[in-house]
Amino acid sequence: MSTQTTPADFTLTAPELPAGLPIAHVFGQPVLEVPQDLFIPPDALQVILESFEGPLDLLLYLIRKQNLDVLNIPMADITRQYMSYVDAMQGERLELAAEYLLMAALLIEIKSRLLLPRPQLDEEGEPDDPRAELVRRLLDYEQMKLAALALDKLPQADRDFAWLAVLIEQGAEARLPDVAAVDLRQAWLAILSRAKHKRSHKVEKDELSVREQMSWILRYLSEREYVPFEELFEVDKGVAHLVVNFIAVLELVKEGLIKVSQEVAYQPIYVRIAIS
Amino acid sequence: MSTITDLNYLKIVLETALLTATEPLSVSQLKKLFTEDIKASLLNDILEDIQADWRGRGVELVKLASGWRFRARAEFTPYLSRLNPEKPPRYSRAVMETLAIIAYKQPVTRGDIESIRGVSVSTSVMQTLLERGWIEVIGHKDVPGRPGLYATTRKFLDDLGFVSLRDLPPLADLGTLVIPDAQPQEIGSDDAEDTLPLDDEADNLEPQAE
Amino acid sequence: MSTITDLNYLKIVLETALLTATEPLSVSQLKKLFTEDIKASLLNDILEDIQADWRGRGVELVKLASGWRFRARAEFTPYLSRLNPEKPPRYSRAVMETLAIIAYKQPVTRGDIESIRGVSVSTSVMQTLLERGWIEVIGHKDVPGRPGLYATTRKFLDDLGFVSLRDLPPLADLGTLVIPDAQPQEIGSDDAEDTLPLDDEADNLEPQAE
């Protein structure tokens, strides 16, 4: 693909990039530097790790931070620093660690091959530097990382500019908009992106079925005054359903939406909408 | 630009807002475009001015019950209908976000929706969904004002082809896909603070206006 | 109206179609507005004329991958966003890096993306870009598992204001990434790895007492 054409005034200020980027946000404050002594408070570690996009990103950060020549990576230093991150990470985020461990293994392998007295020769008899492949991957990744930043800075439809929407009144009967499941997901993404602190409004399937039952119970109660507790439970729907229904009742009580009452012990329990 | 003294600039902003709006805009909505307090009478004057500018063109600015909006003149419909093979309309983002919140977090009050969205929810948005038969009030919360509790209906599930709410697309992990929005440079009004999150990445991620 | 002889009327029809269109209109679509056969070159002239008419206003006519479309100038977004706080999300680095790899290296498989990023790419990242209509599967690679080949869509180009992929920001030259402080005299792209110095590593490789 040709990359010759340059749109008007676009310039990449590539190499300085990693320095200015906050590597993490701790309590809303940008953290620009990992502490030199590499003591990382355990709470901050997770935040720092989440701000890296993977082992290549972390490695690149370590190299760029120290202004090292990518072609001449001091393997011992970098491997040691890298390992201190991975060690710290292992307790916290095991699922992340696999990809990072793979990279650690690669670093150690390169380091050990460099220690061999005579470098291996490639087919053409040239010394074969074991770091070459790693360097290629690092540079390829960095190139794409910068491209992603450049793309993100471009004005995007709807986010940065609006299309025109002048109405055409078509005499025919008005058609109702279609909505598909994915539209709901996209809507939620927009809400998340605007949320003040990135609260993840995670809604799991289990929670959803509770929410569904909560709505069902409220509907049921709204048409009746007092309902015996048992009446809310349809026994033939199975144990899972009963449990979900019971959690829904508890949740409704907690939110102050229904009242559950019993006059005397062992007497029937009644449920009603919480209205004084 | 701290104050808008240039009437022509004011006019351009108004015209742009009306051309991009998907719904009619009332004068009080149009006021919100500016942090300065602009008199309704001045806005009305400018709107009539814009209306006059567009005379003799294919599109006209009209005043409807709910506000001002641009629309194509009827005489051009024969041309336009050759182009548009009736694309189904779309709901505004406000409607879609409100629907998503009711679907995933029901039962919720309007206040709950507003606190999740971070912006107020207009009556017309709720009305759109109620009229469609996709949401309903299933009770009232026992707090001052006794706000209605909204839930989705059977019809909502049917129309979207779901059997139960559990068929909704899962939302797990969505948090990793987006980043909190950057604070736009020059929105100073106090309600902007509620709607737009302060973000410390602003420097890196600001869109470049060219 | 049997024939359109009046160029001005032709222009009004075109402008009206573009102001009301919900997506970009190509010249061949615009031709369909008229029962008469209008030359593409004439239409292009008029389109450029309309474009010029709108200079200095809040709205501009732009030429995109799939055709012509009116849009509000980015500088007015701060005003407009006071009316509509809802807008599409700002995507995370994972999403943007995936998009960049697809845009610059297309067609690519998910495996290709993973090997460049060095981490697995979650399904929800791909789904987000597919749902946004920015990427699509354009075929399958003839290797075991027949993985899908991803490419960017026209909508991606339209939404970023491009006519073609050649308008993408140029990639940083790999050579300029090599040495961070010194300006490299010459960039020996492919040979670079052969010049790796091996000897001065000795210091670093010695076991160090801690």
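Residues numbered from 1 in each chain as written. Chains lettered and ligands numbered in written order. Predicted model: local features only at pLDDT ≥ 70, side-chain atom pairs only at ≥ 80, totals over all residues. Heavy atoms only, no water.

### A closer look at the overall build of chain A
When helices and strands are tallied, chain A shows nine helices and five strands. Overall, chain A shows an N-to-C arrangement of helices and strands of α-β-β-α-α-α-α-α-α-α-β-α-β-β. The 276 residues of chain A split such that 45% are buried. For chain A, the computed accessible surface area is about 14,100 Å², with 56% contributed by carbon and sulfur atoms. (Helix = DSSP H or I, 4+ residues; strand = E, 2+ residues; numbered from the N terminus. Buried < 20%, exposed > 50% of the residue type's maximum accessible area, 1.4 Å probe, protein only. Areas by Shrake-Rupley, 256 points an atom, 1.4 Å probe, with all protein chains shown as cover.)

### What about the overall build of chain B?
Along the backbone of chain B there are ten helices and five strands. Here chain B holds 210 residues, and 53% of them are scored as buried. Considering only contacts in chain B between residues 6 or more positions apart, those separated by 24 or more positions represent 41%. (Contact = heavy atoms within 4.5 Å.)

### Here we look at the interface of chain C and chain A
Contacts between the two partners involve 71 residues from chain C and, on the opposite side, 74 residues from chain A. At the boundary of chain C with chain A, total buried surface from both sides reaches about 6,800 Å², with 62% on carbon and sulfur atoms. At the junction of chain C and chain A, the tally comes to four salt bridges. Here arginine 185 of chain A and glutamate 131 of chain C are joined by a salt bridge, their closest N and O atoms 3.1 Å apart. Linking chain C with chain A are 17 residue pairs in polar contact (both at pLDDT 80 or more), by the criterion used here. In terms of residue class, the side of chain C that touches chain A is made up of 40 nonpolar, eleven polar and 20 charged. (Buried area = accessible area lost by both parts, 1.4 Å probe. Salt bridge = Lys/Arg side-chain N within 4 Å of Asp/Glu carboxyl O. Polar contact = N/O pair within 3.5 Å; in protein donor to acceptor, adjacent residues only side chain to side chain. Nonpolar A, V, L, I, M, F, W, Y, C, P; charged D, E, K, R; others polar.)

### Topic: helix H6 (residues 131-153) of chain A
Counted at 1.5 Å a residue, the expected span for H6 of chain A with its 23 residues is 33 Å, and the 33 Å between its end C-alpha atoms agrees. Counting buried positions over the 23 residues of H6 of chain A gives 19, a clear majority of the element. (Expected span 1.5 Å × (residues − 1).)

### Focus on the packing of aromatic side chains
The full count for this structure, using the stated rule, is 22 aromatic pairs over all chains. Here tryptophan 134 of chain C and phenylalanine 156 of chain C contribute two aromatic rings whose centre-to-centre distance is 6.0 Å and whose plane-to-plane angle is 70°, an arrangement assigned as edge-to-face. Here phenylalanine 156 of chain C lies in helix H8 (residues 154-159) and tryptophan 134 of chain C lies in the loop between helix H7 (123-131) and strand S4 (135-140), a separation of 22 residues in the sequence. When the ring centre of tyrosine 220 of chain A is taken as origin, the NZ or CZ atom of arginine 224 of chain A, which lies over that ring, is 3.7 Å away. For the cation-ring pair, arginine 57 of chain B lies above tryptophan 54 of chain B, with the distance from its terminal atom to the ring centre recorded as 4.4 Å. (Phe/Tyr/Trp six-rings, centres within 6.5 Å; stacked < 30°, edge-to-face > 60°. Lys NZ or Arg CZ within 6 Å of the ring centre and 35° of its normal.)

### Re the interface of chain B and chain C
Opposite the 48 residues of chain B that make contact, chain C presents 45 residues. Buried area between chain B and chain C, both sides added, is near 4,200 Å², and the carbon and sulfur share of it is 63%. Counting the surface chain B buries against chain C, the share from its top three residues, Tyr79, Leu83 and Leu177 of chain B, is 17%. Close ionic contact of glutamate 86 of chain C with arginine 117 of chain B constitutes a salt bridge, the shortest N to O distance being 2.2 Å. In this structure, the connection of chain B to chain C is made through eight residue pairs in polar contact (both at pLDDT 80 or more). Put simply, the parts of the chain that give the side of chain B that touches chain C at least two residues each are helix H1 (7-20), helix H4 (77-83), helix H5 (93-105) and strand S5 (178-179) of chain B.

### Digging into the sheet that holds strand S3 (residues 227-228) of chain A
Two modes of strand pairing occur in sheets, parallel and antiparallel, and in both the strands are linked by backbone hydrogen bonds. Residue and element names in this part refer to chain A. In space, the three strands of this open sheet follow the order S3-S5-S4, with antiparallel pairing throughout. For this open sheet the edge positions go to S3 and strand S4 (258-261), each flanked by a neighbour on one side alone. Each of S3, S4 and strand S5 (270-273) is contacted by helix H8 (residues 205-222), which is oriented at about 90° to S5, the strand it contacts most. (Pairing = 2+ DSSP bridges. Axes fitted to C-alpha atoms, helices over the stretch in contact; angles between N-to-C directions.)

### Points about the packing of H1 of chain B against helix H3 (residues 40-53) of chain B
Residue and element names in this part refer to chain B. Taken N-terminus to C-terminus, the directions of H1 and H3 make an angle of 70°; their axes are 10 Å apart at the nearest point. When the axis of H1 is compared with that of H3, the two are roughly perpendicular. Contact with H1, carried on its side by Leu7, Leu10, Lys11, Leu14, Glu15 and Leu18, involves Leu42, Leu43, Ile46, Leu47, Asp49, Ile50 and Asp53 of H3 and no other residues of that element. Of the residues contributing to the contact of H1 with H3, the split by class is nine nonpolar, no polar and four charged. (Parallel < 35°, antiparallel > 145°, perpendicular 65-115°, else oblique.)

### Structural notes on the pairing of strand S5 (residues 148-152) of chain C
Residues and elements named next belong to chain C. Buried residues dominate S5, accounting for five of its five residues. Taking every second residue as pointing to the same face, both faces of S5 are buried, with Gly148, Tyr150 and Thr152 on one and Leu149 and Ala151 on the other. In the sheet, S4 pairs with S5 via five bridges, with the strands oriented antiparallel. Within the sheet, the bridge partner assigned to glycine 139 lies in S5 and is leucine 149.

### Concerning the confidence of the model for chain A
Residues and elements named next belong to chain A. When the pLDDT values of chain A are averaged, the result is 76; 70% of them are 70 or greater. Taken element by element, the predicted model of chain A shows its lowest mean pLDDT in helix H1 (residues 17-20) (40) and its highest in H6 (92). The model gives residues 1-28 a pLDDT under 50, and that stretch makes 60 contacts with residues more than four places away or in other chains. Contacts for the low-pLDDT stretch residues 34-39, under 50 throughout, to residues beyond four places or in other chains number eight contacts. (pLDDT = per-residue confidence, 0-100.)

### A look at the environment of asparagine 67 of chain A
Mapping asparagine 67 of chain A onto the fold places it in the loop between helix H3 (55-65) and helix H4 (75-92). Spatially, the C-alpha atom of asparagine 67 of chain A lies 47 Å from that of leucine 164 of chain A, the residues being 97 residues apart in sequence.

### Remarks on the packing of H5 of chain B against helix H7 (residues 123-131) of chain B
Residue and element names in this part refer to chain B. Contact pair H5 / H7: the axes reach a minimum separation of 10 Å and the direction vectors enclose 65°. Classified by chirality, the crossing of H7 by H5 is right-handed. On the side of H5, the interface is formed by Ala94, Val95, Thr98, Leu99 and Ile102, while H7 contributes Val125, Met126 and Leu129. For the contact of H5 with H7, the per-class residue count stands at seven nonpolar, one polar and no charged. (Left-handed = near helix turned anticlockwise from the far one by under 90°.)

### Considering the environment of valine 86 of chain A
Residue and element names in this part refer to chain A. Along the chain, the position of valine 86 falls in helix H4. Classification of valine 86 as buried rests on a relative accessible area of 0%. Residues valine 86 and leucine 101, 15 residues apart in the sequence, show an inter-C-alpha distance of 7.2 Å. Not counting residues up to four positions away in its chain, the partners in contact with valine 86 are Tyr100 and Leu101.

### A word on the confidence of the model for chain B
Residue and element names in this part refer to chain B. Confidence in the prediction for chain B averages 81 pLDDT; 81% of positions are at 70 or higher. For chain B, helix H9 (residues 190-195) is the element with the lowest average pLDDT, namely 34, and strand S4 (residues 148-152) is the one with the highest, namely 95. Per-residue pLDDT stays below 50 along residues 183-210; that stretch engages in 57 contacts with residues further than four places along the chain or on separate chains. Confidence metrics for the complex model read pTM 0.77 and ipTM 0.75.

### Some details on the nonpolar core
Among the nonpolar cores identified, the biggest contains 70 residues, and Leu151, Leu184 and Trp188 of chain A, Phe156 and Leu168 of chain B together with Phe156 of chain C are the most heavily contacted of them. Ignoring anything within four residues of it in the chain, the contact list for leucine 151 of chain A reads Gln156 of chain A together with Met96, Leu99, Ala100, Phe156, Leu160, Leu168 and Pro169 of chain C. Counting 60 residues, the second largest nonpolar core, distinct from the first, contains Ile168 of chain A, Phe34 of chain B together with Leu14 and Val59 of chain C. (Core = buried A, V, L, I, M, F, W, Y, C linked by side-chain atoms within 4.5 Å.)

### Section: the pairing of strand S1 (residues 59-64) of chain C
All names here are of chain C. Extensive coverage of S1 is indicated by the burial of five of its six residues. By the bridge criterion, six bridges tie S1 to strand S2 (residues 67-72) in an arrangement that is antiparallel. Bridging across to S2, valine 62 finds its partner in arginine 69. The antiparallel hairpin formed by S1 and S2 contains two residues in its connecting segment.

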